[in-house]
Amino acid sequence: MKDFGYDISDFRDIDPIFGTMEDFNSLLASAHSKGLKLVMDFVPNHSSDEHEWFIRSLQREDPYTDYYVWQDPAGFDGDGNPIPPNNWVSVFRYSMWEWREERQQFYLHQFVPGQPDLNYRNPNVLTEMKDVIRFWLEKGVDGFRQDAVAHIWEDEQFLDEPLSNNPNALDENDYDYYDHIYTNNLEGTRVILAEFYTVFKEVEALDGFPRLTMLEVYVSIEDQLKYYKVSDFPFNFALMNVRGPPVKAEDAKREIDQILDRIPTNYTYNWVFGNHDKWRLPDRIGGSELVDAFNLMSLSLPGVAISYYGEEIGMTNNMDISYEQTVDPAGCNCGPDHYNDEPCSRDPERTPMQWNAEFNAGFNSEGSSEPWLPVNSDFDTINVDAQQGNPQSHLNLYKEMIKLRNLEPTYTFGDAKTQLDGDILSIARLQEQIFYDVYVTMVNFGSETQTANIFQSFQPYLEFGLVLISTSGPDGENPIGTVVDLTSISLAPYQTVVVRLTPSKA
Ligand code: GLC
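Residues numbered from 1 in each chain as written. Predicted model: local features only at pLDDT ≥ 70, side-chain atom pairs only at ≥ 80, totals over all residues. Heavy atoms only, no water.

Draft legend 1. Molecular detail of the overall build of the chain. When you go through the chain residue by residue, the secondary structure sums to twelve helices and 19 strands. Its C-alpha atoms give the chain a radius of gyration of 25 Å, near enough to 23 Å, the size a compact globule of 506 residues would have. Across its three principal axes, the chain shows a C-alpha extent of roughly 85 × 50 × 50 Å. Within the chain, residue pairs in contact and separated by at least 24 positions form 65% of the contacts whose partners lie at least 6 positions apart. For the chain, the accessible area works out to roughly 22100 Å², and carbon and sulfur atoms hold 51% of it. (Helix = DSSP H or I, 4+ residues; strand = E, 2+ residues; numbered from the N terminus. Rg over C-alpha atoms; globule rule 2.2 N^0.38 Å. Contact = heavy atoms within 4.5 Å. Areas by Shrake-Rupley, 256 points an atom, 1.4 Å probe, with all protein chains shown as cover.)

Draft legend 2. Just the state of the cysteines, in detail. Using the criterion set out here, one finds one disulfide in the structure. Counting only cysteine sulfurs, Cys334 is the nearest neighbor of Cys332, a cysteine outside any disulfide, at a range of 9.3 Å. (Disulfide = S-S within 2.5 Å.)

Draft legend 3. Fine view of empty space enclosed by the protein. Enumeration over the complete set of coordinates arrives at one cavity of 30 Å³ or more. Contributing to the lining of the largest cavity are Phe273, Arg280, Leu281, Pro282, Val291, Asn295, Gly310, Glu311, Gly314 and Met315. Looking at the lining of the largest cavity residue by residue, the classes come out as five nonpolar, three polar and two charged. (1 Å grid on protein atoms, 1.4 Å probe; cavity = no way out; pocket = protein on both sides within 12 Å on 5 of 7 lines; lining within 4 Å. Points joined across faces, edges and corners; volume = space filled by probe spheres on them. Nonpolar A, V, L, I, M, F, W, Y, C, P; charged D, E, K, R; others polar.)

Draft legend 4. Highlighting the pattern of salt bridges. In the structure shown here, the tally under the stated rule is 28 salt bridges. In this structure, the salt-bridge partner of Glu50 is Lys2, at a minimum N-O distance of 3.3 Å. Taken together, the residues Glu50 in the loop between strand E1 (39-42) and helix H2 (52-58) and Lys2 in the segment before helix H1 (21-33) connect sequence positions 48 residues apart. Residue classification places Glu50 among the exposed residues on the basis of a relative accessible area of 51%. A salt bridge links Glu342 to Arg243; its shortest N-O distance comes to 2.9 Å. With Glu342 in the loop between helix H9 (329-332) and helix H10 (384-388) and Arg243 in the loop between strand E9 (233-234) and helix H6 (249-262), this pair connects stretches of sequence that are 99 residues apart. The structure contains a network of salt bridges with shared partners spanning Asp3, Asp277, Asp328, Arg346 and Arg350. (Salt bridge = Lys/Arg side-chain N within 4 Å of Asp/Glu carboxyl O. Buried < 20%, exposed > 50% of the residue type's maximum accessible area, 1.4 Å probe, protein only.)

Draft legend 5. Main features of the pairing of strand E16 (residues 464-470). Among the seven residues of E16, five are classified as buried, and the element is accordingly described as predominantly covered. Judged from the six bridges that link them, E16 and strand E19 (residues 496-502) form a sheet pairing that is antiparallel. Looking at E19, one finds that Phe464 is bridged to Thr502. (Pairing = 2+ DSSP bridges.)

Draft legend 6. Here's a closer look at the side chain of Thr441. Among the structural elements, Thr441 can be located in strand E14 (residues 439-444). Residue class for Thr441 comes out buried when judged on its relative accessible area of 1%. With near-sequence residues (within four places) excluded, Thr441 lies in contact with Leu296, Ser300, Leu425, Ser426, Ile427, Thr496, Val497 and Val498.

Draft legend 7. A nonpolar patch on the surface, seen in detail. Judged by side-chain polarity, Met1, Ile17 and Phe18 come together as a nonpolar surface patch covering roughly 350 Å² of accessible area. Along the chain, Phe18 falls in the segment before H1. (Patch = residues over 30% accessible without salt bridge, like charges linked within 9 Å, V, L, I, M, F, W, Y side chains within 5 Å.)

Draft legend 8. Summary view of the packing of helix H8 (residues 291-300) against helix H11 (residues 394-407). Orientation of H8 relative to H11, taken along the N-to-C sense of each, is 15°, at an axis distance of 10 Å. Regarding the angle of H8 to H11, the classification is roughly parallel. Note on packing geometry: the crossing formed by H8 with H11 is right-handed. Where H8 abuts H11, its residues Val291, Asp292, Asn295, Leu296, Ser298, Leu299 and Ser300 lie against His394, Leu397, Tyr398, Met401, Ile402 and Arg405. (Axes fitted to C-alpha atoms, helices over the stretch in contact; angles between N-to-C directions. Parallel < 35°, antiparallel > 145°, perpendicular 65-115°, else oblique. Left-handed = near helix turned anticlockwise from the far one by under 90°.)

Draft legend 9. Quick peek at the sheet that holds E1. Sheet architecture is open: four strands sit in the order E1-E7-E8-E9, paired in parallel fashion. A single partner strand is all that each edge strand has here, and the edge strands are E1 and E9. In terms of strand pairing, strand E8 (residues 212-215) meets E9 through two bridges, oriented parallel. Residue Leu215 lies in a different strand from E9, and its bridge partner there is Pro234.

Draft legend 10. Inspection of the sheet that holds strand E2 (residues 70-71) at higher detail. Taken in spatial order, the three strands of this open sheet run E2-E6-E5, and their pairing is antiparallel. The open sheet has two free edges, formed respectively by E2 and strand E5 (97-100), since each of these has just one partner strand. Bridge count between E2 and strand E6 (residues 105-108): two bridges; the pairing is antiparallel. From the neighbouring strand, Trp70 faces E6, where its bridge partner is Tyr107.

On their own, these measurements won't tell you what the molecule is for.
The following block contains the structure:
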């Protein structure tokens with residue numbers, strides 16, 4: 001728990017704080033019996049320093065001696081202290097090197113010292129980790145999110161990394177202070193991922209069940225294309241680049257179009273706008289007005305829509321966690337003055353799911369142990385229970401959109417086209433060859449009512465739209481069931497509507 005599950009001491013077992021392997025097996029069976037797939041997190045870059053491999057490596061016990069990246073010191077200072085091999089700085093601040101007296105060497109850790117990096121130049125490590133993937137896939141797990149894959153491979157010359165001149169870096173101990181040309185996103189990483197990918201294919205061929213592999217990798221679109229060759233898809237974080245306030249419709253359009261224009265349509269698109277490492281959407285864009293817009297946009301776009309728990313009810317960051325209560329190493333290492341700055345502590349976006357307005361938001365019962373992070377104080381209004389009965393709630397709009405997307409083949413087979421008119425962004429889903437219905441999601445990013453002509457981009461299609469989903473209630477603008485004229489549609493501030501094109505007003 002030095003990095004809350006990302007420091008693994010046994011790749012083939014379940015941490016007792018979560019239960020036993022029997023519990024896991026029954027979870028998997030019960031998910032499958034409900035038609036759900038279960039995807040796990042695979043952490044190939046590092047283990048815990050409590051892993052048996054590391055303990056043996058520390059003792060230079062073969063075959064584990066080179067299971068990790070060990071280097072001699074660059075020298076010793078005047079006081080006899082060892083000097084790290086180079087200037088590499090970890091993702092969570094401070095040197096990437098940790099000295100161990102036992103070996104009189106430093107080991108590499110791209111994250112916290114409790115997460116020593118595995119050495120993939122040693123073929124045994126690759127074989128071991130491929131076996132780990134096989135172990136879970138053969139158990140019937142439906143796939144993996146592969147963690148922090150850009151960090152798998154380092155340049156073997158161990159040269160200093162150049163400065164980035166990034167003004168957001170706190171100081172020279174900060175990851176952003178350097179340009180990570182020797183430690184991040186190297187070709188060797190993709191060679192290893194290609195090896196992992198063969199295991200997915202092997203197991204699929206054996207039992208006939210498709211397995212999913214998605215990569216956590218923050219890279220340019222050019223590089224995303226390379227990662228598509230070694231996975232089902234790398235995560236597309238484009239929607240996270242849309243910031244506010246104010247949120248600009250043209251920013252959203254640009255980010256979406258870059259993906260649609262530059263990633264071939266036979267690749268699986270995917271859309272992520274939140275995860276356990278980034279501030280929650282309302283805090284990133286400066287308000288909750290566009291929560292539905294983002295949920296409905298990502299569910300309207302082609303490919304896989306990825307949701308982080310709480311997004312479906314519009315959960316916000318818990319910014320009331322004190323420095324003393326902060327547990328995330330990324331936050332602790334930023335110190336009391338900066339721990340709550342973005343991107344330091346990740347605790348604010350990791351607080352318990354808000355189920356109801358009762359004790360600890362229904363996350364656990366009174367008398368049981370406290371949750372690992374304090375519940376966000378907005379849980380009395382932002383919770384599943386409160387939203388269940390309200391057709392206009394974030395939760396119900398989200399559910400409606402999922403229903404529509406599952407029902408209508410356009411959302412599976414259709415192309416996507418975007419259009420901008422003032423602050424109104426439209427995303428159309430259409431299929432030119434086959435006669436499936438055309439659907440358009442329209443978002444007014446502006447704080448004023450606005451009128452747009454959507455029809456200009458859809459001339460060969462129909463001019464009217466039947467409103468299927470609307471963020472305004474029955475008395476608001478464009479209620480469900482009304483027919484709207486796409487040559488001149490008015491949307492209330494921050495409103496989103498989803499329409500199906502229809503022949504006429506009648
Ligand atoms: C990934 C995870 C993050 C974790 C890190 C190290 O970025 O998403 O939560 O701290 O890898 O494993």
